[in-house]
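Structural overview
Okay, here's what each chain looks like letter by letter:
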Amino acid sequence: MIEIKHVNKWYSPSFQVLKDCTTSVTKGEVVVVCGPSGSGKSTLIKCVNALEPFQGGEIILDGVKVNDPKTDLPKLRSRVGMVFQHFELFPHLRIVDNLCLAQEKVLGRKHDEAQAKGMKLLERVGLKEHARKFPAELSGGQQQRVAIARALAMDPIAMLFDEPTSALDPEMISEVLDVMVDLAREGMTMMVVTHEMGFANKVADRVIFMDRGEIVEDAKKTDFFGGTPRSDRAQKFLSKILQH
Amino acid sequence: MLGSFDFDVIRRALPYLFLEGMRFTLTLTALAAFGGLVFGTLIALMRLSGYKWLGRIAGVYVDFMRSLPLVLVIFWFYFLVPYIGQWLTGASRPITVGAFASSLITFIMFEAAYFSEIMRAGIQSISKGQPAAASALGLTYAQSMRYIVLPQAFRNMLPVLLTQTIVLFQDTSLVYVLSIPDFLGAASKVAQRDGRLVEMYLFAAVVYFTISCVASFFVRRLQARIAIVR
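All of these numbers come straight from a predicted model, not from anything done at the bench.

Conventions used here
Residues numbered from 1 in each chain as written. Chains lettered and ligands numbered in written order. Predicted model: local features only at pLDDT ≥ 70, side-chain atom pairs only at ≥ 80, totals over all residues. Heavy atoms only, no water. Axes fitted to C-alpha atoms, helices over the stretch in contact; angles between N-to-C directions. Helix = DSSP H or I, 4+ residues; strand = E, 2+ residues; numbered from the N terminus. Parallel < 35°, antiparallel > 145°, perpendicular 65-115°, else oblique. Left-handed = near helix turned anticlockwise from the far one by under 90°. Contact = heavy atoms within 4.5 Å. Core = buried A, V, L, I, M, F, W, Y, C linked by side-chain atoms within 4.5 Å. Buried < 20%, exposed > 50% of the residue type's maximum accessible area, 1.4 Å probe, protein only. Polar contact = N/O pair within 3.5 Å; in protein donor to acceptor, adjacent residues only side chain to side chain. Buried area = accessible area lost by both parts, 1.4 Å probe. Salt bridge = Lys/Arg side-chain N within 4 Å of Asp/Glu carboxyl O. pLDDT = per-residue confidence, 0-100. Expected span 1.5 Å × (residues − 1). Pairing = 2+ DSSP bridges.

1. Digging into the packing of helix H3 (residues 95-105) of chain A against helix H5 (residues 140-152) of chain A
Residue and element names in this part refer to chain A. Contact geometry for H3 and H5: axes closest at 8 Å, N-to-C directions at 25°. The pairing of H3 with H5 is recorded here as roughly parallel in orientation. Here the hand of the crossing between H3 and H5 comes out right-handed. Counting all contacts with H3, which are made through Ile95, Asn98 and Leu99, the residues of H5 involved are Val146, Ala149 and Arg150.

Structure below.
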């Protein structure tokens, strides 16, 4: 489903953010990407739907080469859902309209159809009664659930999560993770950048550990948590975040 | 001293002053503000487009317009447009452009330079995550601008845009150089006809002052309301 092959990215000639990253996500798989801040994990996931350009290598998404100039990027992106650290709901639109806009403008759905779909998804994330509100009236956790529903409204073939819980107050993290766990168990293909090791342990198939722009570890979940991770850097990272 | 003033001249001239003069002033203000906003937004988009040459052309235009006195632009434009039109259409003689059309085009061009800077600031005030989220949903650049970025930029900048429009309302009085009967032009005509310069110019000042003040008051109230919503 997602194939990342030898991806290199430089911010400037002297600063390389991604170094020869190669990995893949197959259909129905849940892959968690972790690593210290600045390790390039957010950059990598943003390369998957070409929100970030990269200079070397290639990424193939459902058979389509992302970094081919001939690729219709808007069309490709519309098939992959993305959830951001800071939610990025559209503050000038009501919740329900946040869910309808791209359905209508990109997929060409009729307003009634889009709205019905939106309401169904809002019900699923438990926010149906907030449909007429504006994003600023909702808590962070609620906004992030709306953002997930907004991405799902496009019927994506895969979902990308870029640190979906990092900007949330601790008591709101679980409500977002619950939605993500459900999604994973339903068989959604997911690539998730997160520090939530509990989530990784629960639903991930594989865990990727990145450091300084490199994929240091790419292992089955059981190997990553159960056995000892092979690299020193991954061990150090894990001991730091699992300590508390 | 006030006894020698004849304020009745104002009362008699009221229909002419407002139905013709003020109507012209308000029409010109509204059309120039609208046109200036449309072209200003396009110029702002050019400057932010990332295409070096497009941005440079827009930048030169804005700098050029902002470095010239408005009254000079109005004056020159009025005399130049017929010849530019002749050159463009290949007509044998200078085309006739009415004073209204000429002044409207001038104001739109001039205001576009100012509105573009306001809209540029407005667009830059939107966090990069917003267009990124729009792109991630599959919206094209044009759709993302139209449905996500520009509505927010416009709303954030509305108080500044309206304040600029109040300045524009006052600036439209400069069309007097073309002898157009806008509000000030109408007042000045009556003043000279009846020899009541002090009364008429005093009255004109009071009217401009009152309208601008009231408008500014509403802009401030609007600003406070928007500040709460955000």
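Further notes follow.
2. Quick notes on the nonpolar core
All names here are of chain A. Among the nonpolar cores identified, the biggest contains 51 residues, and Ile148, Met159, Phe161, Met180, Met190 and Phe199 are the most heavily contacted of them. Among the elements that line this core, the one with the most residues is helix H6 (residues 170-185), at 9 residues. Look past the residues within four positions of Met159 in its chain and what remains in contact with it is Gly81, Val83, Ile148, Ala151, Leu152, Leu183, Met188, Thr189, Met190 and Met191. Core analysis: the next-biggest nonpolar cluster, separate from the first, contains 39 residues, Cys21, Ile59, Leu76 and Val193 among them.

3. A word on the side chain of B:Ser116
Residue and element names in this part refer to chain B. With respect to the secondary-structure elements, Ser116 resides in helix H4 (residues 99-124). You can call Ser116 buried: its relative accessible area is 1%. A distance of 2.9 Å separates a polar atom in the side chain of Ser116 from the backbone oxygen of Ala113. Those residues in contact with Ser116, other than ones at most four positions away along the chain, are Gly40, Ile43, Ala44 and Val62.

4. As for the side chain of A:Thr43
Take A:Thr43: it is sitting in helix H1 (residues 41-48). Here A:Thr43 is in contact with A:Lys9, A:Tyr11, A:Val17, A:Leu18 and A:Glu52, once residues within four sequence places are set aside.

5. Some thoughts on the interface of chain A and chain B
Of the residues lining the interface, 19 residues belong to chain A; the matching set on chain B comes to 18 residues. Across the chain A/chain B interface, buried area totals approximately 1600 Å², and carbon plus sulfur atoms make up 68% of it. Where chain A packs against chain B, one counts 0 salt bridges. The tally of links between chain A and chain B comes to 5 residue pairs in polar contact (both at pLDDT 80 or more).

6. A closer look at the confidence of the model for chain A
Detailed reading of the predicted coordinates is not advisable wherever pLDDT falls low. Model confidence for chain A is summarised by a mean pLDDT of 93, while 99% of its residues fall at 70 or above. Of all helices and strands in chain A, the one with the weakest mean pLDDT is helix H9 (residues 232-242) of chain A (83), whereas strand S7 (residues 158-162) of chain A scores best (97).

7. Structural notes on H6(A)
Since the α-helix turns once every 3.6 residues, residues separated by three or four places project in the same direction. Residue and element names in this part refer to chain A. For H6, with 16 residues, the first-to-last C-alpha span of 23 Å sits near the 22 Å given by 1.5 Å per residue. Considered for burial, the residues of H6 that qualify are Met172, Ile173, Val176, Leu177, Val179, Met180, Val181, Leu183 and Ala184. In this fold, the buried residues of H6 make contact with strand S3 (30-34), helix H4 (111-124), H5, S7, strand S8 (190-193) and helix H7 (197-203). Directly beyond the C-terminal end of H6, a positive phi value near 100° is found at Gly187.

8. Some words on the sheet that holds strand S10 (residues 214-220) of chain A
By way of backbone hydrogen bonds, the strands of a sheet pair with one another, either parallel or antiparallel. Residue and element names in this part refer to chain A. With mixed pairing, 6 strands are arranged side by side in an open sheet as S6-S7-S8-S3-S9-S10. Looking at which strands have only one partner, the edges of the open sheet turn out to be strand S6 (80-83) and S10. Across the sheet, the axes of successive neighbouring strands diverge by a mean angle of 15°, strand direction being ignored. Strand direction decides the pairing type here: S7 and S8, joined by 4 bridges, are parallel. Pairing of Asp162 across the sheet is with Val193, part of S8. Taken strand by strand, H6 contacts S3, S7 and S8, and its axis lies near 150° from that of S8.

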